[in-house]
Amino acid sequence: MNFYSLNQKAANVSFKDAVIKGIAPDRGLYFPEKITPLAKDFFDKIERLSNIEIAFMAIRQFVQEDIDDEKLKEILTEVLDFDFPLVPITDHIATLELFHGPTLAFKDVGARFMARCLGHFSENNTSEITVLVATSGDTGGAVANGFLGVKGVQVVILYPSGKVSDIQEKQLTTLGKNIIALEVTGTFDDCQKMVKTAFLDEEITKHKQLTSANSINVARWLPQLFYFLFAYKEIKSKGKEIVFSIPSGNFGNICAGMVAQQLGMPVKHFIAATNVNDVVSRFMQTDVYEPQPSVATISNAMDVGDPSNFVRIRHIYNNDIKTLSEYLSSYSFTDEQTKDAMLELYNEYNYIADPHGAIGYLGLKKYQGQNSNTYGIFLETAHPVKFLDIVEDTIKENIEIPEKIFKQMKKKKKSIKISSYDELKEFLLQ
Ligand SMILES: *Cc1c(COP(=O)(O)O)cnc(C)c1O
């Protein structure tokens, strides 16, 4: 399968090259040349398939020429070694918990899949690949963990000093091996800017193969489509039309769900639930796409003012807002509404949601207010313990810290402090 750049000014590349490059030379996002629907039989019999079999059949067409079947199964077996439970909330709402991976973030699946693909592609390489990422919290931990111990790949993570939670900092700084944490005096935007500058700095790229690990990369983006198929498998027998509500920031996860739909999965509608960073819900109303500087909220993994994957979504629906509106609604919610939803979920249904999942729930309720005869699934993208202070303050209850987090909290932090681009450059060139 080849991938082309959505900017249409760069050559088509294989899956392997799309993964190694991350973004096309014309700065466009890569998109699969063709999405062939899976056989009807696959959906008829899906409840008899294991998660690994489902994932294998769903992603195979995209990677086939570069990863043989046996290797692909081996990768998926490692990546998907935890559960994705669908927890009923009411008789027409359930939540799909995506936070049972090693770092309790839904990004674990994409990060682990990408890490193993890159590791596989660099097996016979003599030169190392360097994954360079800026993180405001969640991405970094999932990437660090996913790439830990992968041969031929070095990971350099930049994070803003004092601006990530204790748990998040430990997840970035205690692993060692091929994972290096750079603690930046500054904000997340400063980290991001440094990373972007490095990618364009020929003095660095002449010496080092740099790649990114955000959802722009096809190997991080595409495996997220598995979640939707896993959920479909569980609730197919209910016989109702299915809608998914996805707490969205960069819109990678929801866009992967739309790829699952292109593969033939029956789904009535997608809801992009956001915090007050509402560029997409305004676009859906006005057909004008106007990026904004991001606003800080309590659902901070979604504080994105210009979601990078939205261009892929528009492309899937032929850049036609009418068609897009048939399948996508987007609603935005304030921090106050988010906290109220967390309280409602706790008091009425005894469910502890994190702020991101709570926004997913709000989006679903709003949609179902007008489309009552549907079965709704909202994705819960982070374990509530990752947003401990907000969750405990809101529901006025202590929550239990899972064992794997507890262990990591006791480990010793190791980071290198930097405060300017020159220091990053010096580090990368040494
Ligand atoms: C990254 C993230 C999101 C947003 O996912 P996108 O694919 O960027 O839309 C939502 N919730 C949590 C907890 C996240 O870490």
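Turning our eyes to something else, we now look at the nonpolar core. Phe-15, Leu-225 and Phe-244 are the most contacted members of the largest nonpolar core, which has 108 residues in total. Among the elements that line this core, the one with the most residues is helix H11 (residues 225-235), at nine residues. Among all residues touching Leu-225, those that are not within four sequence positions of it are Ala-58, Phe-62, Ala-256, Val-259, Ala-260 and Leu-263. The next biggest cluster of nonpolar side chains, apart from the first, holds 27 residues, and it includes Ile-271, Phe-333, Ala-341 and Ala-382.

Moving on, we come to the environment of Thr-334. As for its position among the elements, Thr-334 is in the loop between strand S12 (328-332) and helix H16 (335-349). A residue is classified by how much of its surface remains accessible, and Thr-334, at 34% relative accessible area, is partly exposed. In this structure the C-alpha to C-alpha distance between Thr-334 and Thr-197, which are 137 residues apart in sequence, comes to 33 Å.

Throughout the structure, instances matching the rule amount to 15 salt bridges. Note that Glu-78 and Arg-116 form a salt bridge whose closest N and O atoms lie 2.6 Å from each other. Residue Glu-78 is found in helix H4 (residues 69-79), and its partner Arg-116 is found in helix H5 (residues 107-121); the two are separated by 38 residues along the sequence. Two residues, Lys-425 and Asp-201, come together in a salt bridge whose shortest N-O distance is 3.0 Å. Highlighted residues: Lys-425 in helix H20 (residues 421-429) and Asp-201 in the loop between helix H8 (188-200) and helix H9 (202-205), separated in sequence by 224 residues.

The strand order S9-S6-S7-S8-S14 describes an open sheet built from five strands, whose pairing is parallel. Each edge of the sheet is formed by a strand with only one pairing partner; in this case those strands are strand S9 (209-211) and strand S14 (416-418). On average, each strand axis in the sheet is tilted by 30° relative to the strand beside it, whichever way the strands run. Bridging between strand S6 (residues 129-134) and S9 involves three bridges; their strand directions are parallel. Looking at S9, one finds that Ile-129 is bridged to Gln-209.

Let's shift gears to the packing of aromatic side chains. Scanning the model with the defined rule gives 20 aromatic pairs in all. Ring geometry for Phe-31 versus Trp-221: centroids 6.0 Å apart, planes at 40°, classification tilted. Residue Phe-31 is located in strand S3 (residues 30-32), and its partner Trp-221 is located in helix H10 (residues 218-221); the two are separated by 190 residues in the primary sequence. Here Trp-221 falls in the buried class, since its relative accessible area comes to 0%. Their ring planes at 50° and their centres at 5.2 Å tell us that Phe-84 and Phe-230 sit as a pair that is tilted. Of this pair, Phe-84 sits in the loop between H4 and strand S4 (86-88) while Phe-230 sits in helix H11; the two residues are 146 residues apart in sequence, bridging distant segments of the chain. Pair check on accessibility: Phe-84 and Phe-230 agree, each one buried. Pairwise contacts between aromatic rings join Phe-82, Phe-84, Phe-106, Phe-226, Tyr-227 and Phe-230 into one cluster. Above the face of the Phe-56 ring, Lys-73 is positioned so that its terminal group lies 4.7 Å from the ring centre.

Another aspect to go through is the site of the ligand. In the neighbourhood of the ligand, 15 residues make up the surrounding shell, with Lys-107, Gly-249, Asn-250, Phe-251 and Thr-381 lying closest. Note that an oxygen atom of the ligand is positioned 2.8 Å from one of the backbone N or O atoms of Gly-249. In this structure, an oxygen atom belonging to the ligand sits 3.2 Å away from a main-chain N or O atom of Gly-252. For the ligand, whose accessible area on its own is 390 Å², the fraction buried by protein is 97%.

Cut-offs and rules
- Residues numbered from 1 in each chain as written.
- Predicted model: local features only at pLDDT ≥ 70, side-chain atom pairs only at ≥ 80, totals over all residues.
- Heavy atoms only, no water.
- Core = buried A, V, L, I, M, F, W, Y, C linked by side-chain atoms within 4.5 Å.
- Buried < 20%, exposed > 50% of the residue type's maximum accessible area, 1.4 Å probe, protein only.
- Helix = DSSP H or I, 4+ residues; strand = E, 2+ residues; numbered from the N terminus.
- Contact = heavy atoms within 4.5 Å.
- Salt bridge = Lys/Arg side-chain N within 4 Å of Asp/Glu carboxyl O.
- Pairing = 2+ DSSP bridges.
- Axes fitted to C-alpha atoms, helices over the stretch in contact; angles between N-to-C directions.
- Phe/Tyr/Trp six-rings, centres within 6.5 Å; stacked < 30°, edge-to-face > 60°.
- Lys NZ or Arg CZ within 6 Å of the ring centre and 35° of its normal.
- Near = heavy atom within 4 Å.
- Polar contact = N/O pair within 3.5 Å; in protein donor to acceptor, adjacent residues only side chain to side chain.
- Areas by Shrake-Rupley, 256 points an atom, 1.4 Å probe, with all protein chains shown as cover.

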